[in-house]
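Spelled out, the chains give:
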Amino acid sequence: MRILHVQREIMAKSMKVKPFFEYVMGCVETELGESGYDVMVFYNWPQPGERDISITLILGTQVINIGISRAEVERRKEYAPFALDWLIWSEIRMHKIKIQDSQYMQTLFQPERLNK
């Protein structure tokens, strides 16, 4: 998957939080699919008064659950264009999921772009 850094910067600055999160989740789903996984992605956007987003990735028979607060999504969106992606992919990689060496993954995990 190819994502231009300049495009992502514009998106991060101009989009509201929920559409930006949905876009990132679409990138995650696309990348997993391009890596050969049968993937389903589910998430629950918090209702008023709730704070956390629960993300469930189903990769064939493997299930990965990730929790993140809405405030963290907002913080990462403002911090750097790929900071939210980096957080989600860091969680996915902890489950030993094999991912292709795409331009997207290289962008996320280049030493000078680590978005902690």
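Residues numbered from 1 in each chain as written. Predicted model: local features only at pLDDT ≥ 70, side-chain atom pairs only at ≥ 80, totals over all residues. Heavy atoms only, no water.

Our next topic: the pattern of salt bridges. By the definition in use, this model includes five salt bridges. The closest approach of N and O atoms between Arg-75 and Glu-72, which form a salt bridge, is 2.9 Å. Of this pair, Arg-75 and Glu-72 both sit in helix H3 (residues 70-79), three residues apart, which is roughly one turn of that helix. Two residues, Arg-76 and Glu-72, come together in a salt bridge whose shortest N-O distance is 2.7 Å. (Salt bridge = Lys/Arg side-chain N within 4 Å of Asp/Glu carboxyl O. Helix = DSSP H or I, 4+ residues; strand = E, 2+ residues; numbered from the N terminus.)

Let us look at the nonpolar core. Core analysis: the largest hydrophobic core is formed by 30 residues, its most contacted members being Ile-55, Leu-57, Ile-88 and Ile-92. Broken down by secondary-structure element, the contributors of at least two residues to this core are helix H2 (17-34), strand S1 (39-44), strand S2 (52-59), strand S3 (62-69), helix H4 (83-93) and helix H5 (103-109). The dominant element in this core, judged by the number of residues it contributes, is H2, at eight residues. Excluding residues that lie within four positions of it along the chain, Ile-55 makes contacts with Phe-21, Met-25, Phe-42, Tyr-43, Ile-64, Asn-65, Ile-66, Ile-68 and Ile-88. (Core = buried A, V, L, I, M, F, W, Y, C linked by side-chain atoms within 4.5 Å. Buried < 20%, exposed > 50% of the residue type's maximum accessible area, 1.4 Å probe, protein only. Contact = heavy atoms within 4.5 Å.)

Below, the discussion takes up the pairing of S3. By the bridge criterion, eight bridges tie S2 to S3 in an arrangement that is antiparallel. Residue pairing across strands places Ile-55 opposite Ile-66, the latter belonging to S3. The loop that links S2 with its antiparallel partner S3 comprises two residues; one of these, Gly-60, has a positive phi angle of about 65°. (Pairing = 2+ DSSP bridges.)

That's the geometry; what it means functionally is another story.
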